[in-house]
Amino acid sequence: MARIFGLRFKEKRSAEEKWPAKEKQPANEQPAPANDQPAPANDQPANDQNDQIGQIGQIESFPDNGGGIEEISGLSMLYSPEQDAVSQVRDVADVLSEMGKITADQLSELRRMQKRKGNCDVCQVIKELEMVDEADISMATAGLHNLEFRRIDLKQVSKDAFNKLEPDYIKNNRIMPIAMRDDTLVVATSHPADLFIIEDVKRQAAMNVETVVCLDEDIDKVHEALVDENTNYDLDEIINDMTEVEVVQEHLDDTGDLEEQAGQSPVIKFVNYLISNAVREGASDIHIEPKQKFMRTRYRIDGVLFETKQSPLKMHPAIVSRIKIMADLDISERRLPQDGKIKVSVGNRAIDLRISTLPTTYGEKVVVRVLDSASIMRGLEQLGMESDVTEAFGEQVAMPHGILLVTGPTGSGKSTTLYSALSQMDGDKLNVSTVEDPVEYELGFCNQVQIIDKIGLDFASALRSLLRQDPDVIMIGEIRDNETARIAVQAALTGHLVLSTLHTNDAACSITRLVDIGIEPYLIAASLNAVLAQRLVRKICSNCKQVQPVSEHVAKYVKSEGIKTGQIFHGAGCDQCRGSGYVGRVGIYEFLVIDELFRDMINKDSSVNNMRRAFHESDRRSLYDDGILKVKQGMTTMEEVLRVTKVYGTNEDEDFVENIGSD
Ligand SMILES: [Zn+2]
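Residues numbered from 1 in each chain as written. Predicted model: local features only at pLDDT ≥ 70, side-chain atom pairs only at ≥ 80, totals over all residues. Heavy atoms only, no water.

K.L.:
Any chance you could explain the coordination of the zinc ion here in plain terms?
P.N.:
Around a metal, the ideal angle is 109.5 degrees if four donors adopt a tetrahedral arrangement and 90 or 180 degrees if six donors adopt an octahedral arrangement. Donor atoms from the polypeptide that coordinate the zinc ion comprise Cys541 (SG), Cys544 (SG), Cys574 (SG) and Cys577 (SG), at 2.2 to 2.3 Å from the metal. In this structure, the zinc ion is surrounded by four donor atoms whose angles at the metal cover 104 to 114°, and the resulting shape is tetrahedral. Read in sequence order, the donor residues for the zinc ion give the motif C-x2-C-x29-C-x2-C. Each member of the pair, Cys574 as well as Cys577, is classed as buried. (Donors = N, O, S within 2.8 Å, 3.2 Å for Na, K, Ca; no water. Tetrahedral: all angles 85-135°; square planar, octahedral: opposite > 155°, others 65-115°. Buried < 20%, exposed > 50% of the residue type's maximum accessible area, 1.4 Å probe, protein only.)

Next up, the structure:
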């Protein structure tokens, strides 16, 4: 799906360049075979074109380039067979064609390309032409070899099977032992034709081998997770060791692999454990807090803090010093707050950590923010938007100019949405730039500008400079003041697409906010394309999901929403969800595309009430409605939807939510 969307958006942007080229292609098809034969006639002094038989007689005068066909290429002018038709052995492309994944035209294009590249690996050519995705190629590979195709994840891999081979061997050869049956080892691979590897596995495991086909990316994911799991930290042992340690001062290679350093001092072990465990658990923050009698460590997971450990208080100064050393902070300064950054690698992934220290009653509290770009860079279709919103939002991302706003409180996933939108754009053809405070995630495909208030590089001045840099798409971290808003409007009106965020509760409210900031309604009407309001709700843990028993009162309420009581689920709580009943989060959205009606209204009366009434009267889904859909789908609970959609400021807002609820 990800690729399909990517392509769609890219094509929209570059439609003018792409379509003419595509239309030309059928015309190219005819002359192409002639081009493939490097036309001996041209190499000739071209003095005598009337006698083709004569040319055959001149074969010997041609430079010998080793190919039999080339030597007698004069013949090709008399007889030109369907290329490859004779020599072609059935391959992945043929299977894809049989599967109906590629058309006959695509197949012949493939063959031509393959030929031009000197009969190279057909899979490589398919990938380059982006005709189908990796899964289709693997499926066809499996079909070609009469093997089973399987997506694999951690749950399907037996640890006993995994342990049959060395982790490095598994990684380097891109194979994954997934199960054992009697004396047979089931091995997943993306390249089943490589019989040497299969033979080698047989020898190493001293077992028979049965092969199934899977994706390289699945092998990498499972490998990483299993290697992570195998890195043992016995926390109690570390803590026992640590009571001997005072303050550690030595400076180590701080960008090194956390697991490689694990064999070192107990303090280092403990800090490494805290960080790699946080990454593994998907925590966004680590809190290290000195209390009166102990040190508490907590992780924020899916927006909620969980206590992980209470440790002896005497460990605390050493832990803080270690983190400060890693972040290049002043370890002797304990009375003032400090902040810094650490780069670490966990399970082959580079992770950025942002450190902040704060003096509290019992010592320095440290908060480590985990900036894992793998968690923020998702495809738009993975954000949990309903298909109509995905499509409408995708259309807005592909617009050539105007303002697209994403709104919601802190921690509502606005950045993820914006980064996902940017990642859909064609960074090669477009100048995509961002102005952020701070730049938390480094994106390869665009130019990111970090705000530095101290030297006067604020949003407004950075934006003014950026506009002189021939931009196509500008992402502004946040519109906070009149000046930034004004430049955003100006940029949008002069042919740029501007993406930004606002701290407002709902889509309708954003228009009023822009007016409050001091932007004239007619300018808003002219420049604003659409507003997406969003929240994150926690997803019910699939391991302990069950039908939720509800009271009569609640039953009545949900019935009014069109949900049957037997359709309401919750998580009972289990090990996998730390007893919370939830794992992971998903967005709920309300999307307001500014149409003629709204444009007109912004010009006439852009008050909150008017905007909201208009939104409600239109057929658009509100945040609450979208949440209810997700309750119906068994994805989240009523409590979650109410928790995140009822965070409205005034009573008037509360009434409004009540009104939507009773409709
Ligand atoms: Zn659970």
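K.L.:
How do you make sense of unusual backbone geometry when you look at a structure like this?
P.N.:
Excluding glycine, a negative phi dihedral is what most residues carry, and trans is how most peptide bonds are arranged. Residue Asp437 is joined to Pro438 through a cis peptide bond whose omega torsion reads -5°. Within the secondary structure, Pro438 is located in the loop between strand 12 (432–436) and strand 13 (447–450). For Arg174, which is not a glycine, the phi torsion comes out positive at approximately 50°. Among the secondary structure elements, Arg174 is positioned in the loop between helix 12 (167–173) and strand 2 (175–181). (Helix = DSSP H or I, 4+ residues; strand = E, 2+ residues; numbered from the N terminus.)

K.L.:
Please clarify how the side chain of His496 should be interpreted in this entry.
P.N.:
With respect to the helices and strands, the residue His496 is situated in the loop between helix 22 (482–493) and strand 15 (497–502). With relative accessibility at 12%, the residue His496 sits in the buried group. Here Thr494 takes part through its side chain, which lies 3.4 Å from a polar atom of the side chain of His496. Those residues in contact with His496 that lie beyond four places of it in its chain are Pro400, His401, Gly402, Leu467, Pro471, Asp472 and Ala491. (Polar contact = N/O pair within 3.5 Å; in protein donor to acceptor, adjacent residues only side chain to side chain. Contact = heavy atoms within 4.5 Å.)

K.L.:
Would you explain helix 29 (residues 638–645) in this entry?
P.N.:
An α-helical turn contains 3.6 residues, so a residue and the one three or four places further along point in the same direction. Every buried residue of helix 29 is accounted for by Met638, Glu640, Val641, Val644 and Thr645. Down the axis of helix 29, the buried side of the element spans an arc of 165°, and every buried residue falls inside it. (Arc of directions from axis to C-beta.)

K.L.:
What exactly am I supposed to notice about the sheet that holds strand 6 (residues 294–301) here?
P.N.:
Adjacent strands of a sheet pair through backbone hydrogen bonds, lying either parallel or antiparallel. In spatial order, the strands read 7-6-5-10-9-8; together these six strands make up an open sheet with antiparallel pairing. Looking along the sheet, the strands with just one partner apiece sit at the ends: strand 7 (304–312) and strand 8 (338–346). Pairs of neighbouring strands in the sheet enclose a mean axial angle of 20°, with direction left out of account. Against the sheet, helix 16 (residues 266–281) touches strand 5 (283–290), strand 6, strand 7, strand 8, strand 9 (349–360) and strand 10 (363–371), its axis set at about 25° to strand 6. (Pairing = 2+ DSSP bridges. Axes fitted to C-alpha atoms, helices over the stretch in contact; angles between N-to-C directions.)

K.L.:
Sorry if this is basic, but what is going on with the pattern of salt bridges here?
P.N.:
Side-chain pairs of opposite charge can arise where the charged atoms are in close proximity. The final tally for this structure, using the stated rule, is 38 salt bridges. Note that Arg643 and Glu640 form a salt bridge whose closest N and O atoms lie 2.9 Å from each other. Here Arg643 pairs with Glu640, and both are found in helix 29, just three residues apart, close to one helical turn. Accessibility expressed as a relative area gives 2% for Glu640, which makes it buried. (Salt bridge = Lys/Arg side-chain N within 4 Å of Asp/Glu carboxyl O.)

K.L.:
Before we go on, may I ask you to explain the packing of aromatic side chains in this structure?
P.N.:
The tally for this structure, following the rule as stated, stands at two aromatic pairs. Measuring from ring centre to ring centre gives 5.7 Å for Phe393 and Phe591, while their planes differ by 70°; the resulting arrangement is edge-to-face. With Phe393 in helix 19 (residues 387–397) and Phe591 in strand 19 (residues 582–593), this residue pair connects regions lying 198 residues apart in the sequence. Assigned by exposure class, Phe393 and Phe591 land together as buried. Each ring, one from Tyr419 and one from Tyr441, has its centre 6.0 Å from the other, and the planes form 80°; the classification is edge-to-face. Here Tyr441 lies in the loop between strand 12 and strand 13 and Tyr419 lies in helix 20 (residues 414–423), a separation of 22 residues in the sequence. Residue class for Tyr419 comes out buried when judged on its relative accessible area of 4%. Positioned above the aromatic ring of Phe569, the side-chain terminus of Lys545 is 5.0 Å from the ring centre. The residue whose ring lies beneath Arg578 is Phe306, and the NZ or CZ to ring-centre distance is 5.4 Å. (Phe/Tyr/Trp six-rings, centres within 6.5 Å; stacked < 30°, edge-to-face > 60°. Lys NZ or Arg CZ within 6 Å of the ring centre and 35° of its normal.)

K.L.:
Looking at this structure, how should I read the confidence of the model for the protein?
P.N.:
Predicted coordinates in regions of low pLDDT should not be interpreted in detail. Taken over all residues, the pLDDT of the protein has a mean of 80, while the share at 70 or more is 79%. Between residues 1–86, whose pLDDT stays under 50, and residues either more than four places distant or in other chains, the model counts 68 contacts. Per-residue pLDDT stays below 50 along residues 245–255; that stretch engages in 23 contacts with residues further than four places along the chain or on separate chains. (pLDDT = per-residue confidence, 0-100.)

K.L.:
Please explain the packing of helix 16 against helix 17 (residues 316–326) as it appears in this structure.
P.N.:
Helix packing geometry: the angle between the two helix axes and the distance between the axes. For the pair helix 16 and helix 17, the least separation of the axes is 9 Å and the interaxial angle reads 70°. Viewed along their axes, helix 16 and helix 17 adopt a mutual orientation that is roughly perpendicular. Each of Val267, Ile268, Phe270, Val271 and Ile275 in helix 16 lies in contact with helix 17, whose residues at this interface are Ala318, Ile319, Arg322, Ile323 and Met326. Looking at the contact of helix 16 with helix 17 residue by residue, the class counts come to nine nonpolar, no polar and one charged. (Parallel < 35°, antiparallel > 145°, perpendicular 65-115°, else oblique. Nonpolar A, V, L, I, M, F, W, Y, C, P; charged D, E, K, R; others polar.)

K.L.:
Can you help me understand the nonpolar core in this one?
P.N.:
General note: in soluble globular proteins, nonpolar side chains tend to be found buried as a group. Counting residues in each nonpolar core, the largest one holds 45 residues, and the members touching the most others are Ile403, Leu405, Ile511 and Leu528. Residue contributions to this core peak at six residues, all from helix 22. Excluding residues that lie within four positions of it along the chain, Leu405 makes contacts with Ile479, Ser500, Leu502, Ser510, Leu514, Leu528, Ala530, Val531 and Leu532. Judged by nonpolar contacts, the second largest core, of 33 residues, contains Ile275, Val279, Tyr299 and Ala318. (Core = buried A, V, L, I, M, F, W, Y, C linked by side-chain atoms within 4.5 Å.)

K.L.:
Just checking my understanding: could you explain the sheet that holds strand 12 for this structure?
P.N.:
One open sheet holds the seven strands; their spatial order is 13-12-14-15-11-16-19, and the pairing between them is mixed. At either end of the open sheet lies a strand with only one pairing partner, and these are strand 13 and strand 19. Taking the axes of each pair of neighbouring strands and ignoring which way they run, one obtains an average angle of 20° across the sheet. In this structure, strand 11 (residues 402–407) lies alongside strand 16 (residues 528–540), joined through five bridges in parallel fashion. Counted as the bridge partner of Thr407 is Ala533 from strand 16. Helix 22 contacts strand 11, strand 14 (473–476) and strand 15 of the sheet and is inclined by roughly 135° relative to strand 11.

K.L.:
Would you mind showing me how to read the pairing of strand 19 here?
P.N.:
Side-chain positions along a regular strand alternate between the two faces of the sheet. Along strand 19, nine of the twelve residues are buried, which leaves the element largely enclosed by surrounding structure. Note: strand 16 against strand 19, ten bridges, orientation antiparallel. Each residue of the ladder has a partner; that of Leu536, found in strand 19, is Gly587.

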